Amino acid sequence: MEGDGDDCLIGENSDPHLQFGGEATPLSSTIFLDQVGEVILTCNSDGLSWKCVEPFSKDESTCLGIKRDSKVSTNIKFSDLYAVEFINYGIIRGSNLPNAGRFLLGHNFEMYRFTVHGFHRSKTRSSLWVPSVFTFGLDNLQTCQMWVNRINSSLALQVGRPKNLLVFINPKSGKGHGYRVWETVAPIFTRAKVKTKVIVTQRAGQAFDVMVSTSNRELNSYDGVVTVEDSVLLCSVCSGGDGFFNEILNGFLKSRHKASYPPAPSDFIHSLECNGSFVLHDPIETAATSFAVDDESLLSSSIHNGMESTNFRNEDGSCSTDQDPEFPPQNEWFRFGIIPAGSTDAIVMCTTGARDPITSALHIVLGKRVCLDIAQVVRWRTTSTSKVEPCVRYAASFAGYGFYGDVITESEKYRWMGPNRYDCAGTKVFLKHSSYQAEVAYLEVKSEETNPTAKGNLASLVQALGSPNVSERVVCRVNCNVCSMKPMDTFACGSQPPGETRWVTSKGRFLSVGAAIISCRNERAPDGLVADAHLSDGFLHLILIKECPHAFYLWHLTELARKGGNPLKFDFVEHHKTPAFTFTSLGKQSMWNVDGEVLQAHQLSAQVFQGLISLFATGPEV
């Protein structure tokens, strides 16, 4: 098959210009590959493969920069390709290899060309995806167009790839890189034939308002929502830069996620004083305690950033199970995407393994999918003297009190410093070394099962994964067995979780109280707050830092910032895996950090919903 570059084989004895409708029939041509030379290109149901026609003069040679035997084909799967383009008549460069036979360095050909776009993993870091571009040339226009049509037909068979996306760009966050990053990745979406409606926000809360006001019918026309944000790092231990995504997430879930309030122990329930009628169930107790809360007060309660809370109860006090028929939050097609443009993005780092906009864009156009737990945080009281006015917030990465809340509150005084204000505020708060009196109750879940490897049995994982003393950490990764478990739906209408359950209370002075939904990995905390936290296992990681000497707390933070460190090994640190917890401040003021946003809360409760949303991602590659 040497010569003109337009010889084509379709199975056997087939017309070289035959259009392809049959998926199983292979297509093969002698063709020119830019900067390589003449190759035999084959298209089958899995992807493209090629091998050089001209044998190399040495046994071990390099093709496309990779050491290889001349008889071994090079290939790329359709699952790794996202576009093919016909680029008309032009130059195909000859081989740049010194031992490539008659195809000399710098010898160019003019041909009809088409280009395929895909990706390959970085040699030094597998989680970093690098664009791959292959340009092929043929003398025959019809054969060239046939190849384009065949590859397009194969790409159309790929399942789950988006066609229409709603894109939010936050140009004013962090260092203001959001729009420039979008201009960098936009060609990827154009080549992949993904339509995008781009909204550049002009004010805080605009993205939330757009998501709330967008009808379900309109939202149904999109395959997902993508955010481009310039995130920043909060005081070297926790991401504070996912606030823009959190804004969109809360706007999406506000009216679309109908669920009961988090469970709570009986003493927490009795401490809520109100007048009206709503029911808050304790999953451990058979009886439910009723409270009288005027419906108007629930809808008009004082809410951070103007967000309203909704009481998802029927008039008879039962839990409403009706989902919006047009748009349930948990579905197979709708996903969220985050394109990082800043110094850290905890969610991106935990779901793709790389803080790289190109990698994230490739995950999106290729239609990757991973489920993500979401925490529902309900602020019951703002201060110790305020009325009970439930305010519902959702978090995707972290909620923290004490040190975490103080840093984000202090940073508001230094907004003129830009992202550097977090380092300044973090240093100042650390030097103060303030501790706070509080009471935390968490739901302890135990199981009689002891085998953590039993497939399909979530209860068997609870004991092994729920203990902070597990010697071998089960790290979340691509195709994670833990995250692939079926969602528990643990607390819908107060139902019992699997295994034995009981409320455990911890009362005293705390430097911080943190609830990590994911590991919260970032560049300053390479393993995150909790190295073995999973994306979709249905658990919160409750981290209680009790009052301790200044030097010990510094040691804890040092372990947090060290790769392979163990920040949970100290006696003053409690780590509990739990599906729900409650918090009551015993002081005058209480500030929380919820995904990088300030929430004043004297009394709150939280629960996690397993795999509530889906992201365009695969999970971290190890």
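Overview of the structure. Model, not experiment: these values are computed from the prediction.

**Remarks on the pattern of salt bridges**
Line of reasoning, step 1. A complete count under the given rule lists 12 salt bridges for this structure.
Line of reasoning, step 2. Measuring nitrogen to oxygen at the nearest pair gives 3.0 Å for the salt bridge that ties Lys-428 to Glu-410. On the criterion of sequence distance, the pair formed by Lys-428 in helix 11 (residues 420-432) and Glu-410 in helix 10 (residues 403-411) is long-range, its members being 18 residues apart.
Line of reasoning, step 3. We note a salt bridge from Lys-563 to Asp-527, for which the minimum N-O separation is 3.2 Å. Placement of Lys-563 in the loop between helix 13 (550-561) and strand 25 (573-578) and of Asp-527 in the loop between strand 23 (500-516) and strand 24 (540-546) is noted, with a sequence separation of 36 residues between them.
Line of reasoning, step 4. The class for Lys-563 is exposed, based on a relative accessible area of 59%.
Line of reasoning, step 5. With a relative accessible area of 13%, Asp-527 lands in the buried category.
Line of reasoning, step 6. Put simply, Glu-410, Lys-413 and Lys-428 are held in one network by salt bridges that share partners.

**Quick look at the layout of surface pockets**
Line of reasoning, step 1. Taken as a whole, the second largest pocket holds about 600 Å³ of empty space.
Line of reasoning, step 2. Lining the second largest pocket are 33 residues; nearest its centre among them are Arg-369, Val-370, Cys-371, Asn-479 and Thr-618.
Line of reasoning, step 3. At the level of secondary structure, the elements contributing two or more residues to the lining of the second largest pocket comprise strand 19 (370-381) and strand 29 (603-615).
Line of reasoning, step 4. Broken down by element, the residue count for the lining of the second largest pocket peaks at 5 residues, all from strand 29.
Line of reasoning, step 5. Of the residues belonging to the lining of the second largest pocket, the class tally is 14 nonpolar, 11 polar and 8 charged.

**Looking at the pairing of strand 25**
Line of reasoning, step 1. For strand 25, a buried count of 6 out of 6 residues is recorded, marking the element as mostly surrounded by other parts of the structure.
Line of reasoning, step 2. Summarising the sheet, strand 24 and strand 25 pair through 6 bridges and their orientation is antiparallel. Note that in strand 25 the partner of Ile-543 across the bridge is His-575.

**Section: helix 3 (residues 206-213)**
Line of reasoning, step 1. Gln-206, Ala-207, Phe-208, Val-210 and Met-211 are the residues of helix 3 that are buried.
Line of reasoning, step 2. Where the residues of helix 3 are buried, they touch strand 11 (164-169), strand 12 (195-200), helix 4 (216-219), strand 13 (224-229) and helix 5 (243-253).

Definitions and limits used
Residues numbered from 1 in each chain as written. Predicted model: local features only at pLDDT ≥ 70, side-chain atom pairs only at ≥ 80, totals over all residues. Heavy atoms only, no water. Salt bridge = Lys/Arg side-chain N within 4 Å of Asp/Glu carboxyl O. Helix = DSSP H or I, 4+ residues; strand = E, 2+ residues; numbered from the N terminus. Buried < 20%, exposed > 50% of the residue type's maximum accessible area, 1.4 Å probe, protein only. 1 Å grid on protein atoms, 1.4 Å probe; cavity = no way out; pocket = protein on both sides within 12 Å on 5 of 7 lines; lining within 4 Å. Points joined across faces, edges and corners; volume = space filled by probe spheres on them. Nonpolar A, V, L, I, M, F, W, Y, C, P; charged D, E, K, R; others polar. Pairing = 2+ DSSP bridges. Contact = heavy atoms within 4.5 Å.

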